[in-house]
Amino acid sequence: MENACIWNWNYWLRGVRMKEIKVGLIGFGTVGQGLAEVLFMQQERMPKRTGMRIELAAIADKSAKALPERFAHIPLVQNGQDVINNPDIDIVVELIGGIEPAKSFMLAAIAAGKHVVTANKALLAQEGRDIFAAAAAKGVCVGFEASVGGGIPVIKALREGLVANRILSISGIMNGTANYILSRMTDEGIPFAEVLAEAQRLGFAEADPSYDVEGIDTAHKLAILMSMAYGMHITHREVNTEGISRIEPLDIELAREFGYRIKLLAISRNHGDHVEARVHPTMVPQDHLLASISGAYNAIHFHGDCAGNILLYGLGAGKVPTGSAVAADVVDIARDIACGSIGRVPPLSYLSDQFTPRRITPMDELYGPYYFRFTVLDQPGVLASIAGILSEQDISIESVIQKGRKESGGAVPLVIVTHAAQESSVERALARINTLEAVTAPAVKIRIFEDE
Ligand code: HSE
């Protein structure tokens, strides 16, 4: 095995023709173009680092008519299957996104004995089990660094850098679009719909932004990280998910008054026999590192029992940053090919026969502090009634503020921040409070982040 590596490096040292690794790309959209750019930008540096020449040998895209000048020498085909069928290709990179035909292309490439790389978090979070099983059976690699955190090397950090840790928790901001929208709402007091419309006009948010703003994209990413962190099968459907579309500027302003910023967080805590899996708007204390992540950036925090706290921060999207993550997978596989060490590192970090089922903590069992905003008539006794119901459910109040004063008995916001309480008690209390005559709109509930 070692001889293969030494042989390869000797080639390089002696100036003999280097080994070439041929890459076939399916999908020449934003990330596909990013990969091509990165391989072009690094064409001198790559052989110095790897002893190999990594060549983009074919591109399939069903709508591209021609490739930009600097890539004009690369054969362009319409059908991904033509790339898979090409006997010269060592690694097939799938960058079309979505479930189908991406899944069929991945499985066909694996069946043809090709190593595969993808950035497709939706596919892995939903169908990953089939893909990893097929790859293991065929003895080929699956690279997916770009599926979480764009250019941040989070997958490799978790799979290899933290391999000697029991992961106690994962938390983070994993969607730049949602974070950008919340940052603009926070900094400029603009309502959600207005920021979203502007982001779409600037081409920043997708025409269908639901995956980003409803937390689904973040749930995909959390499911992938949880599989690797805990050695368990989990799909994004098992992640309890709430998005940011109902967050109002008023809550952002009130959060600030209480010393918090609202962020869309992915959170998983490892309780041994059960693990939390949740994505929701969260009040983060202003002095916490995650509160300072603004705009299109991502930050992913792991707590390992040996390494302690690790925070990875960087660009979670974008053509070239994400292209660099795809290229890193290609290089990893190329090195394994050169060294004859395919399969050295299991793609999900755990050996596939060592995956164990884990119960997902029901949301009812969560225990933590809460922010409530009630819309109530401004009249005597309302606060006492609400406090009474909270007390019956064993929910202790930390602070209360009422905004404004309505002489005529009109509605005002009444905000209560609680000490840690059980979510089932919170739900029971809010259901009762919502029925009070003096309460004119359903209560707003936002969970408050606490480091474990
Ligand atoms: N749509 C994602 C985001 C980037 O806005 O962060 C790709 O995962």
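Remember, predicted model here, so these are calculated numbers, not experimental data.

Thoughts on unusual backbone geometry
Consideration 1: Going from Glu100 to Pro101, the amide bond is cis rather than trans, its omega being 10°.
Consideration 2: Of note, Pro101 is situated in the loop between strand S4 (91–94) and helix H5 (102–111).
Consideration 3: For Ser349, which is not glycine, the phi dihedral falls at a positive 80°.
Consideration 4: In this structure, Asp394 takes a positive phi of about 65° despite not being glycine.
Consideration 5: With respect to the helices, strands and loops of the structure, Asp394 is situated in the loop between helix H14 (382–392) and strand S17 (397–402).

Remarks on the site of the ligand
Consideration 1: Neighbouring the ligand are the residues Lys121, Asn175, Gly176, Thr177, Asp212, Asp217, Lys221 and Ala317.
Consideration 2: One of the side-chain nitrogen or oxygen atoms of Lys121 is found 2.6 Å away from an oxygen atom of the ligand.
Consideration 3: One of the backbone N or O atoms of Gly176 is found 2.6 Å from an oxygen atom in the ligand.
Consideration 4: Mapped onto the shell around the ligand, the elements with two or more residues apiece are helix H8 (176–188) and helix H11 (216–230).

Description of the state of the cysteines
Consideration 1: With the rule as written, the count across this model stands at zero disulfides.
Consideration 2: This cysteine, Cys141, is not joined by any disulfide, and Cys339 carries the nearest cysteine sulfur, 12 Å off.
Consideration 3: For Cys141, a relative accessible area of 11% corresponds to the buried category.

Overview of the packing of helix H6 (residues 121–138) against H11
Consideration 1: Where H6 contacts H11, the two axes come as close as 8 Å, and the packing angle between them is 55°. With respect to H11, the element H6 is oriented oblique. Regarding H6 and H11, the two cross each other, and that crossing is left-handed. Counting all contacts with H6, which are made through Lys121, Ala122, Leu124 and Ala125, the residues of H11 involved are Asp217, His220, Lys221, Ala223 and Ile224.
Consideration 2: The residue inventory of the contact of H6 with H11, partitioned by class, reads five nonpolar, one polar and three charged.

Quick look at the sheet that holds strand S1 (residues 19–26)
Consideration 1: As summarised here, the arrangement of the six strands in space is S3-S2-S1-S4-S5-S6, forming an open sheet in which the pairing is parallel. With partners counted over all chains shown, the strands left at the sheet margins are strand S3 (76–77) and strand S6 (142–143), one partner each.
Consideration 2: Across four bridges, S1 lies against S4 in parallel orientation. Opposite Val23, over in S4, you have Ile91 as the bridge partner.
Consideration 3: Sheet strands in contact with H5 are S1, S4 and strand S5 (115–118), and its direction is about 155° off that of S5.
Consideration 4: Against the sheet, helix H13 (residues 319–339) makes contact with S1, strand S2 (52–60), S4, S5 and S6, and its axis sits at roughly 165° relative to S5, the strand it touches most.

What counts and how
- Residues numbered from 1 in each chain as written.
- Predicted model: local features only at pLDDT ≥ 70, side-chain atom pairs only at ≥ 80, totals over all residues.
- Heavy atoms only, no water.
- Helix = DSSP H or I, 4+ residues; strand = E, 2+ residues; numbered from the N terminus.
- Near = heavy atom within 4 Å.
- Polar contact = N/O pair within 3.5 Å; in protein donor to acceptor, adjacent residues only side chain to side chain.
- Disulfide = S-S within 2.5 Å.
- Buried < 20%, exposed > 50% of the residue type's maximum accessible area, 1.4 Å probe, protein only.
- Axes fitted to C-alpha atoms, helices over the stretch in contact; angles between N-to-C directions.
- Parallel < 35°, antiparallel > 145°, perpendicular 65-115°, else oblique.
- Left-handed = near helix turned anticlockwise from the far one by under 90°.
- Contact = heavy atoms within 4.5 Å.
- Nonpolar A, V, L, I, M, F, W, Y, C, P; charged D, E, K, R; others polar.
- Pairing = 2+ DSSP bridges.

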